[in-house]
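The residues making up each chain are set out below.
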Amino acid sequence: MAEPNHMSLELPGAQNGAHPSSENGTAPALPDEGRRYAQIIGWGYAVPEKVITNQDLEQIVETSDEWIRTRTGIEERRVAADPKETTATLATTAARRALEVADLHPSKLDLIICSTSSPEHIFPSTASIVQDAIGAVNAGAFDLSAACSGFVYALSMARGHILAGDAEYVLVLGAETLSRVVDWTDRNTCVLFGDGAGAVLIAASQVPGGIIATELGSDGSGADLLTIPAGGSAMPASLETVSSGNHFIKMDGKAVFRFATRVMADATKSVLERAGLTPEDVDLVIPHQANLRIVQNSVLKQLKVPEDKVFVNLQKYGNTSTASIPIALCEAIQAGKVKPGDKLVFVGFGAGLTWAACAIQWSVPTEAAATDWWKNTRRQAGYQAAAARSMWRRAVRWVYHVWPTDPESGALPGDEGIKEPETAVNGVRHSEE
Ligand code: UT7
């Protein structure tokens, strides 16, 4: 992952990461009374250790390394082999790394959005589980479902919250363990997908740039082209849905391929137009890492973006769905391909059908800076404290359950000691510094 880095980004009314607050409860006073921008100030990713190569897959289904390489570009993928490794644990690791890069305390987060198609449960949200694990005691949290386009959808939501003045810091996660919902006897799909998670931390800033434009789209008439048919209200889980394999991914690969090559190019064009840019202005395109041929037929051929301006790492991870763009972003940063002033495009497509693109003017330094050992120690202690806090609250709830008390009061003992004092600003809770 990207090494820790100290940001020089000046945040509105929030020197050293402090929240803006206002004594009379009105909107935070911005020094230039002007525009807010949504800047990416932290990033991180996590992938399982277990590598499954194309040769490994030759032992499982009737396929070949040659077919997978030439038809997709994929050479290997990561799979969460340990049952304890889940979408939330991968997302939590990625989130902690993003917070570390930005040197931000989790209690400063206002919102956590987790895009995923392989959540821990239908509910509660995976985002809430991550919120608890990182100790983001002041953050709202929800999951977002837009399949492989979800991460860019989530960036768009985060930007909207920030530009509206409803949040100062938003953590955006893209996390998947698709290996748990792939049919390992279906060669049409099992060779494609992999597990992983990526995170970016978005902050309100007065520095112009950041996420400058977004483009979202959907065509539900193609809903059946890529789907997990069972487990929802249309086909609730039953013995029959399990025995017929309807809880696994089903895909019409050819139709999705055709759709993808068209929308990747169209969405990129639209978002660049909104941002007032042309393909020539773009320093780096980070496409959804599904299939090398889709990237070649859309971004390279149709938009004529040169190969060295398109970041591809799908050979190592396969298609990690909504996690693919943030993982690729982290690796692009690691490879020195992202610098302040650069113009980036993220573009994705997926089930829904959906598509999404965003244009970004990168504004923060990306080179690694040494972290103080004591900061690392403090951070680790913070996560231990978050785990202890979570256990304490569960224990107290259990006591309440077996020993009912005053139903009028919803507060748990210890709440006063845990929560930071708060003020309401624009309907968003802010901690007082
Ligand atoms: O995040 C979004 C997720 N979805 C996607 O990105 C999927 C987009 N689609 C694709 O990437 C491609 O359509 C695939 C990689 C899924 C398939 O490539 P294709 O070139 O469209 O192959 P095809 O489906 O037309 O299949 C060609 C042949 C078929 O055999 P026949 O009927 O010609 O004898 C398939 O049965 O390849 C066969 N085939 C395989 N052979 C070896 C399909 N999968 C495999 C396999 N190994 N894994």
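Preceding block: the structure.
Here's what I pulled together on the structure shown here. Fair warning: this is a prediction, and the values are worked out from it, not measured in the lab.

1. So, the overall build of the chain
Per the secondary structure count, the chain includes 13 helices and 15 strands. Buried residues in the chain amount to 48% of all 433 residues. Counting contacts in the chain only where the partners sit at least 6 residues apart, residues at least 24 apart contribute 79% of the total.

2. Focus: the pairing of strand β7 (residues 195-205)
Within β7, 11 of the 11 residues are buried, which leaves the element mostly enclosed by the surrounding structure. Burial along β7 is two-sided: the face carrying D195, A197, A199, L201, A203 and S205 and the face carrying G196, G198, V200, I202 and A204 are both buried. With 9 bridges joining them, strand β1 (residues 37-46) and β7 adopt antiparallel strand pairing. Bridging from a neighbouring strand, Y37 pairs with S205 of β7. One ladder, built from 9 bridges, connects strand β6 (residues 169-177) with β7; its direction is antiparallel. In the strand pairing of β7, V172 is matched with V200.

3. Examining the sheet that holds strand β4 (residues 111-115)
The strand order β1-β7-β6-β4-β5 describes an open sheet built from 5 strands, whose pairing is mixed. The sheet terminates laterally at β1 and β5 (140-144), the two strands that pair on one side only. Neighbour-to-neighbour, the strand axes of the sheet open up by a mean angle of 20°, direction not taken into account.

4. As for the nonpolar core
Ranked by internal contacts, the top residues of the largest apolar core, which has 119 residues, are I112 and L173. Ranked by the residues each element gives to this core, the list is headed by helix α8 (residues 253-275), at 10 residues. Leave out the neighbours within four places in its chain, and I112 touches A127, V130, Q131, A136, A139, A141, L171 and L173.

5. Section: the site of the ligand
For the ligand, the set of nearby residues contains 20 residues, the closest of which are T63, R187, G253, F257 and A290. Listed by contribution, the elements that provide at least two residues to the shell around the ligand are α2 (65-72), α6 (187-190) and α8. Considering each element in turn, the shell around the ligand owes the most residues, 5 residues, to α8. For the shell around the ligand, the class distribution of residues is 9 nonpolar, 8 polar and 3 charged.

6. Quick look at the pairing of strand β12 (residues 343-350)
For β12, the buried fraction is high: 7 of the 8 residues fall into the buried class. Pairing geometry for strand β11 (residues 284-287) and β12, over 4 bridges, is parallel. Counterpart to V285 in the pairing with β12 is V345. Looking at chain direction, β12 and strand β13 (residues 354-361) are connected through 8 bridges and run antiparallel.

Calculation notes
Residues numbered from 1 in each chain as written. Predicted model: local features only at pLDDT ≥ 70, side-chain atom pairs only at ≥ 80, totals over all residues. Helix = DSSP H or I, 4+ residues; strand = E, 2+ residues; numbered from the N terminus. Buried ≥ 20, exposed ≤ 12 C-beta atoms within 10 Å, placed from the backbone. Contact = placed C-beta atoms within 7 Å. Pairing = 2+ DSSP bridges. Axes fitted to C-alpha atoms, helices over the stretch in contact; angles between N-to-C directions. Core = buried A, V, L, I, M, F, W, Y, C linked by C-beta atoms within 7 Å. Near = placed C-beta within 6 Å. Nonpolar A, V, L, I, M, F, W, Y, C, P; charged D, E, K, R; others polar.

By themselves, these observations are geometric and do not establish any function.
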